[in-house]
Amino acid sequence: MGYRIQESAQVHETASIGDHSSIWDLAQVREGAVLGDHCTVGRGAYIGTGVRVGANVKIQNYALVYEPARLADGVFVGPAVVFTNDHRPRSVGPDGTLKGAADWEPVGVDVAEGASIGARAVCVAPVRIGRWAMVAAGAVVTRDVPDFALVMGVPAERAGWVGRTGSRLEADGDRRWRCPDTGARFAERDGALVEIEAEEAA
């Protein structure tokens with residue numbers, strides 16, 4: 001039980017850190033942030049006020065996770081990823097006076113179970129990254145990403161589908177897909193992908 005926090009990290013006393021989690025050098029975890037069990041926060045990473053992070057999440061070096069982001073279980077955030085939180089950023093108001101904390105409404109990035117965000121990707125809030133989706137390194141995400149989608153580019157566009165292992169799915173008949181690693185099967189409908197077994201069990 002317990003967790004590990006390096007001496008140079010800054011973790012606010014109101015933050016909640018799950019068992020077996022590790023906060024590495026120069027990382028900062030702000031007020032009211034919640035990290036689940038078995039999480040890793042890399043060197044120089046930033047976790048904003050009130051951010052919610054599930055279990056088994058890896059946030060790599062120098063990633064910036066601004067509030068009010070939500071990360072579900074099993075999410076991977078690559079090095080130097082940025083989650084924004086202001087849809088219309090301005091330092092000053094129309095009259096030129098400095099804006100304060102009450103002068104804007106934060107919006108967040110919502111990352112669903114098992115999704116992966118590649119190194120130096122930018123997710124422009126408000127946006128949702130779907131279950132087991134994969135955002136390529138350097139991509140700029142400006143709209144929601146479907147479950148199991150592989151997106152890349154600036155702005156990010158869907159370039160294929162991936163399974164739970166991260167491998168690209170292979171075509172398996174009309175609007176059907178198969179994972180080469182696990183054999184899991186999927187069906188594509190209206191731009192969305194569903195796991196066939198899960199659908200049949202419902």
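Rules used throughout
- Residues numbered from 1 in each chain as written.
- Predicted model: local features only at pLDDT ≥ 70, side-chain atom pairs only at ≥ 80, totals over all residues.
- Heavy atoms only, no water.
- Helix = DSSP H or I, 4+ residues; strand = E, 2+ residues; numbered from the N terminus.
- Rg over C-alpha atoms; globule rule 2.2 N^0.38 Å.
- Buried < 20%, exposed > 50% of the residue type's maximum accessible area, 1.4 Å probe, protein only.
- Contact = heavy atoms within 4.5 Å.
- Areas by Shrake-Rupley, 256 points an atom, 1.4 Å probe, with all protein chains shown as cover.
- Polar contact = N/O pair within 3.5 Å; in protein donor to acceptor, adjacent residues only side chain to side chain.
- Phe/Tyr/Trp six-rings, centres within 6.5 Å; stacked < 30°, edge-to-face > 60°.
- Pairing = 2+ DSSP bridges.
- Core = buried A, V, L, I, M, F, W, Y, C linked by side-chain atoms within 4.5 Å.

Caption draft 1: Highlighting the overall build of the protein chain. Scanning the protein chain for helices and strands turns up 1 helix and 26 strands. What you see for the protein chain is a C-alpha radius of gyration of 18 Å, in line with the 17 Å of a compact globule of 202 residues. By its C-alpha atoms, the protein chain is 60 × 50 × 30 Å across when sized along the principal axes. Taking all 202 residues of the protein chain together, 38% fall into the buried category. Taking contacts inside the protein chain between residues at least 6 apart in sequence as the whole, the part at least 24 apart equals 16%. Working note: accessible area of the protein chain is about 10500 Å², and carbon and sulfur atoms make up 49% of it.

Caption draft 2: Region of the structure containing the side chain of Glu-195. Among the structural elements, Glu-195 can be located in strand 26 (residues 192–195). There is a polar contact of 3.5 Å between the side chain of Glu-195 and the side chain of Arg-131. Among the polar contacts made by the side chain of Glu-195, one reaches the side chain of Arg-164 at a distance of 3.1 Å. Once residues within four sequence positions are removed from consideration, Glu-195 is found in contact with Arg-131, Phe-148, Arg-164, Arg-185 and Phe-186.

Caption draft 3: Expanded view of the packing of aromatic side chains. Per the stated rule, a full pass over the model turns up 2 aromatic pairs. Where Phe-148 meets Phe-186, the ring centres are 5.0 Å apart and the plane angle is 65°; that geometry is what we call edge-to-face. Here Phe-148, found in the loop between strand 20 (140–141) and strand 21 (149–152), pairs with Phe-186, found in strand 25 (residues 185–189); they are 38 residues apart in sequence, far enough to count as distant. Of the two residues, Phe-148 and Phe-186, neither departs from the other in class, the shared state being buried.

Caption draft 4: Main features of the sheet that holds strand 21. Spatial ordering of the open sheet is given by 1-4-7-10-13-16-19-21-22, a layout of 9 strands whose pairing is mixed. Because the sheet does not close on itself, it has two edges, and the strands there are strand 1 (4–5) and strand 22 (157–161). Where strand 19 (residues 134–135) and strand 21 come together, 2 bridges link them in parallel fashion. Pairing of Val-135 across the sheet is with Val-151, part of strand 21.

Caption draft 5: View of the environment of Pro-180. Mapped onto the elements, Pro-180 comes out in the loop between strand 24 (176–178) and strand 25. Taking the C-alpha atoms as reference, Pro-180 lies 6.6 Å from Leu-169; in sequence the two are 11 residues apart. Among residues more than four places away in sequence, those in contact with Pro-180 are Ser-167, Arg-168, Leu-169 and Glu-170.

Caption draft 6: Spotlight on the environment of Ala-63. Within the secondary structure layout, Ala-63 lies in the loop between strand 10 (58–59) and strand 11 (64–65). Setting aside residues up to four positions removed in sequence, Ala-63 forms contacts with Ala-45, Tyr-46, Val-77, Gly-78, Ala-80 and Val-81.

Caption draft 7: Broad picture of the environment of Arg-176. With respect to the helices, strands and loops of the structure, Arg-176 is situated in strand 24. Residues Arg-176 and Arg-30 lie 146 residues apart in sequence; the distance between their C-alpha atoms is 44 Å. Not counting the four nearest positions on each side in its chain, Arg-176 is found in contact with Glu-170, Ala-171, Arg-185, Phe-186, Ala-187 and Ile-196.

Caption draft 8: Region of the structure containing the nonpolar core. Core analysis: the largest hydrophobic core is formed by 48 residues, its most contacted members being Ile-59, Leu-71, Phe-83 and Ile-129. Among the secondary structure elements, those contributing two or more residues to this core are strand 15 (109–111), strand 18 (127–129) and strand 21. In this view, Ile-59 contacts Thr-40, Val-41, Gly-42, Ala-45, Ile-47, Val-53, Val-65, Leu-71 and Val-77; residues no more than four positions away in its chain are not counted.

Caption draft 9: Local environment of the side chain of Ser-21. In this fold, Ser-21 is placed in the loop between strand 3 (16–17) and strand 4 (22–23). Judged by its relative accessible area of 1%, Ser-21 falls in the buried class. Here the side chain of Ser-21 touches Cys-39 through a polar contact of 2.9 Å, landing on its backbone nitrogen. Apart from the residues within four sequence positions on either side, Ser-21 is in contact with Gly-2, Tyr-3, Arg-4, Gly-36, Asp-37, His-38 and Cys-39.

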